[in-house]
Amino acid sequence: MKKIILALAVSSVFAFASETTVNATMSLMTQGMNQVQNGFLYSDKKAIAEGIKTIESANSIFTKVDVSTFIKNNSKIQVTNNINKHLTADLKAFKKALKSENYTDATKQYGKVLTNCIACHKIIRGW
């Protein structure tokens, strides 16, 4: 329930697209990644699924917001939008692998999700 309330709060505040809101969204993504990681470490399929939902919720915010409000470089905006699309597809494949209990593919998809995170951070944070 807390996750749903947090997601709703973040999405309603995101209409203003402040840096604080972006940080809250990143915190939500971090929470989801931690849930997934703990799910793998403790063989807890439910925790992995909840983590995926949390990441999807946070990622969906970027489809509702004009990222140009916090990214001023047009080429970075396009790349960031592409990363968002890849992340969406990778999360879908991740859920499919988890549902079929193909944990080898699920871990590969988790790696792709993490790669999307790193790619975006590299652009936005200049990593």
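Anything mentioned here points back to the structure above.
The structure presented is a predicted model; accordingly, all values stated were derived computationally and were not measured.

About the thresholds
- Residues numbered from 1 in each chain as written.
- Predicted model: local features only at pLDDT ≥ 70, side-chain atom pairs only at ≥ 80, totals over all residues.
- Heavy atoms only, no water.
- Helix = DSSP H or I, 4+ residues; strand = E, 2+ residues; numbered from the N terminus.
- Expected span 1.5 Å × (residues − 1).
- Buried < 20%, exposed > 50% of the residue type's maximum accessible area, 1.4 Å probe, protein only.
- Salt bridge = Lys/Arg side-chain N within 4 Å of Asp/Glu carboxyl O.
- Core = buried A, V, L, I, M, F, W, Y, C linked by side-chain atoms within 4.5 Å.
- Polar contact = N/O pair within 3.5 Å; in protein donor to acceptor, adjacent residues only side chain to side chain.

A. Just helix H5 (residues 103–124), in detail. Compared with an ideal rise of 1.5 Å per residue, which puts 22 residues at 32 Å, H5 spans 31 Å between its outermost C-alpha atoms and is within 8% of the ideal. Residues Ala 106, Gln 109, Tyr 110, Val 113, Asn 116, Cys 117, Cys 120, His 121 and Ile 123 constitute the buried set of H5. The positive-phi residue at the C-terminal boundary of H5 is Gly 126, with phi of around 70 degrees.

B. Region of interest: the pattern of salt bridges. Evaluation of the coordinates by the stated rule reveals two salt bridges. The partner of Glu 101 in a salt bridge is Lys 45, with the nearest N and O atoms 3.3 Å apart. A residue pair is termed long-range when its members are at least 10 positions apart, and Glu 101 in the loop between helix H4 (74–99) and H5 and Lys 45 in helix H3 (residues 45–64) qualify at 56 residues. Lys 45 gets classed as partly exposed once you look at its relative accessible area, which sits at 31%. In this structure, Lys 95 engages Glu 56 in a salt bridge whose closest nitrogen and oxygen atoms are separated by 3.1 Å. Taken together, the residues Lys 95 in helix H4 and Glu 56 in helix H3 connect sequence positions 39 residues apart. Look at Glu 56 and you get partly exposed, because its relative accessible area is 23%.

C. Local environment of unusual backbone geometry. One non-glycine residue, Ser 43, adopts positive backbone phi at about 50 degrees. In this structure, Glu 101 is a non-glycine residue whose phi angle is positive, near 60 degrees. The class for Glu 101 is partly exposed, based on a relative accessible area of 49%.

D. Expanded view of the nonpolar core. Residues Met 29, Val 36, Ile 48, Ile 52, Leu 91, Phe 94 and Val 113 are the most contacted members of the largest nonpolar core, which totals 18 residues. Taken together, the elements giving at least two residues each to this core come down to helix H2 (19–41), H3, H4 and H5.

E. Up close: H3. With 20 residues, H3 extends 29 Å from end C-alpha to end C-alpha; this agrees with the ideal 28 Å at 1.5 Å per step. Taken residue by residue, H3 has Ala 47, Ile 48, Gly 51, Ile 52, Thr 54, Ile 55, Ala 58, Asn 59, Ile 61 and Phe 62 as its buried positions. At the N-terminal boundary of H3, the capping side chain belongs to Asp 44, with an oxygen 3.2 Å from the backbone nitrogen of Lys 46.

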